[in-house]
Amino acid sequence: MAKIVAVANQKGGVGKTTSAVNLAAAVGKLGKKVLLIDADPQGNATSGFGIDKRNVALSTYDMLMSPSQAKDCIVKTAFKNVDVIPSSISLAGAELELVNEDRRETRFTAAAAILCEGYDFIFIDCPPSLGLITLNSLCAADSIIVPIQCEFYALEGLSQLMATVRQVKRLYNPSLDIEGVLLTMFDGRLNLTQQVVGEVKKFFPQKVYKSFIPRTVRLSEAPSFGEPIIYYDPKGKGSESYISLAKEFLKANR
């Protein structure tokens, strides 16, 4: 059975999708069978694996509306051991469509029960909000990775995310846990970075990954070429960082 990991932070621009794409690719490269579910209507994780959103037949939207057809939504990628359930613009209206449906918060949970067989890990790239799609993701997940950028407002909104996690644990998914906190856009030369690291470690004792993600031009370029960084720039700092993170992640999940 696959372990399901949601990658979530309702604050935009923190490297959430970049981390979901590149961690999934690195874990696959290291020999584990991975499925990435793109649950963000923007579909950037889909593009990050070179999948053309305009030519997608079935997407996360279809899985959400009809969990029984989850396997039909899977798209094979060109990258080792990684499959994707792509996003589409239809997902943007899904929350309104589901608002009056029964058990609307457990659609992903039902789909995950079907998808778990055949994968070691399922990563869910959540949207930058705390709406119904993120709620579905947290209900289905075993754990959550929280990317946090090393900038002044790093901890802004995190108390709200943690309150949502606690509510999900209480009402729907008592086993949900924090998998880890990932520091992104890291620049060790800046005093601000060190201050943010200290604050984050106070907020999440024992949960901050030793691996951190630097701010690099190559990491920013890779999505426009439809490749994870470990394939686009295999010897670069970004690639080394995500391979290091994948090894740390796998060590914790032996």
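This text gives an overview of the structure that appears in the document.

Definitions and cut-offs
- Residues numbered from 1 in each chain as written.
- Predicted model: local features only at pLDDT ≥ 70, side-chain atom pairs only at ≥ 80, totals over all residues.
- Heavy atoms only, no water.
- Patch = residues over 30% accessible without salt bridge, like charges linked within 9 Å, V, L, I, M, F, W, Y side chains within 5 Å.
- Areas by Shrake-Rupley, 256 points an atom, 1.4 Å probe, with all protein chains shown as cover.
- Salt bridge = Lys/Arg side-chain N within 4 Å of Asp/Glu carboxyl O.
- Lys, Arg positive; Asp, Glu negative; His and termini not counted.
- Charge placed at Lys NZ, Arg CZ, Asp CG, Glu CD.
- Helix = DSSP H or I, 4+ residues; strand = E, 2+ residues; numbered from the N terminus.
- Buried < 20%, exposed > 50% of the residue type's maximum accessible area, 1.4 Å probe, protein only.
- Polar contact = N/O pair within 3.5 Å; in protein donor to acceptor, adjacent residues only side chain to side chain.
- Contact = heavy atoms within 4.5 Å.
- Axes fitted to C-alpha atoms, helices over the stretch in contact; angles between N-to-C directions.
- Parallel < 35°, antiparallel > 145°, perpendicular 65-115°, else oblique.
- Left-handed = near helix turned anticlockwise from the far one by under 90°.
- Nonpolar A, V, L, I, M, F, W, Y, C, P; charged D, E, K, R; others polar.
- Pairing = 2+ DSSP bridges.

**Structural notes on a positive patch on the surface**
Residues Lys201, Lys210, Lys251 and Arg254 make up a contiguous surface patch of positive charge. Structurally, the position occupied by Lys251 is in helix α11 (residues 237-252). Look at Lys251 and you get exposed, because its relative accessible area is 58%.

**Comments concerning a nonpolar patch on the surface**
Judged by side-chain polarity, Phe152, Tyr153, Leu190 and Leu192 come together as a nonpolar surface patch covering roughly 430 Å² of accessible area. Structurally, the position occupied by Phe152 is in the loop between β6 (143-149) and α7 (158-171).

**Considering the side chain of Glu179**
Turning to its location among the elements, Glu179 is positioned in strand β7 (residues 177-186). Engagement of the side chain of Glu179 in a polar contact is seen with the side chain of Lys3, the distance being 2.8 Å. Contact partners of Glu179, with chain neighbours within four places excluded, come to Lys3, Ser143, Ile144, Ile145, Tyr209, Phe249 and Asn253.

**Some details on the packing of helix α6 (residues 132-140) against α7**
Where α6 meets α7, the closest approach of the two axes is 10 Å, and the angle between their N-to-C directions is 55 degrees. By the angle between their directions, the pair α6 and α7 is classed as oblique. Along this stretch, α6 crosses α7, giving a crossing that reads as right-handed. Between α6, through Leu135, Leu138 and Cys139, and α7, the contact on the second element is made entirely by Thr164, Val165 and Val168. Residues belonging to the contact of α6 with α7 are distributed by class as follows: five nonpolar, one polar and no charged.

**Thoughts on the sheet that holds strand β5 (residues 121-125)**
One open sheet accounts for eight strands, arranged β3-β4-β2-β5-β1-β6-β7-β8; its pairing is mixed. Whereas interior strands pair on both sides, the edge strands pair on one side only; in this sheet they are β3 (75-76) and β8 (208-214). In the sheet, strand β2 (residues 34-38) pairs with strand β4 (residues 82-85) via four bridges, with the strands oriented parallel. Residue pairing for β4: Val34 is matched across the bridge by Val82. Lying on the sheet, helix α1 (residues 16-29) is in contact with β1 (3-7), β2, β4, β5, β6 and β7; it crosses β5 at an angle near 165 degrees.

**Focus on α6**
Most of α6 is tucked away, with eight of its nine residues classed as buried. If you check which residues of α6 are buried, you get Leu132, Ile133, Thr134, Asn136, Ser137, Leu138, Cys139 and Ala140.

**A short note on the packing of helix α5 (residues 107-115) against α6**
Where α5 contacts α6, the axes come no closer than 7 Å and their chain directions differ by 45 degrees. Classified by the angle their axes make, α5 and α6 are oblique. In the crossing of α5 with α6, the sense of the turn from one axis to the other is right-handed. Contacts from Arg107, Phe108 and Thr109 in α5 reach Ile133, Asn136, Ser137, Cys139 and Ala140 in α6. Looking at side-chain class alone, the contact of α5 with α6 contains four nonpolar, three polar and one charged residues.

**Focus on the pattern of salt bridges**
The tally for this structure, following the rule as stated, stands at twelve salt bridges. As a salt-bridge pair, Lys16 and Asp125 come within 2.9 Å of each other at their nearest N and O atoms. With a gap of 109 residues between them, Lys16 in helix α1 and Asp125 in strand β5 connect regions that are remote in the sequence. Residues Asp233 and Arg218 are paired through a salt bridge, measuring 3.8 Å at the closest nitrogen-oxygen approach. Note that Asp233 is positioned in the loop between α10 (229-232) and α11 and Arg218 in helix α9 (residues 217-221), a separation of 15 residues in sequence. The class for Asp233 is buried, based on a relative accessible area of 16%.

**A look at unusual backbone geometry**
If you check the backbone angles, Met185 has positive phi at about 55 degrees while not being a glycine. Relative to the helices and strands, Met185 is located in strand β7. Its identity as a non-glycine residue notwithstanding, Gln206 has a phi of 70 degrees, on the positive side. For Gln206, the location among the structural elements is in the loop between α8 (191-203) and β8.

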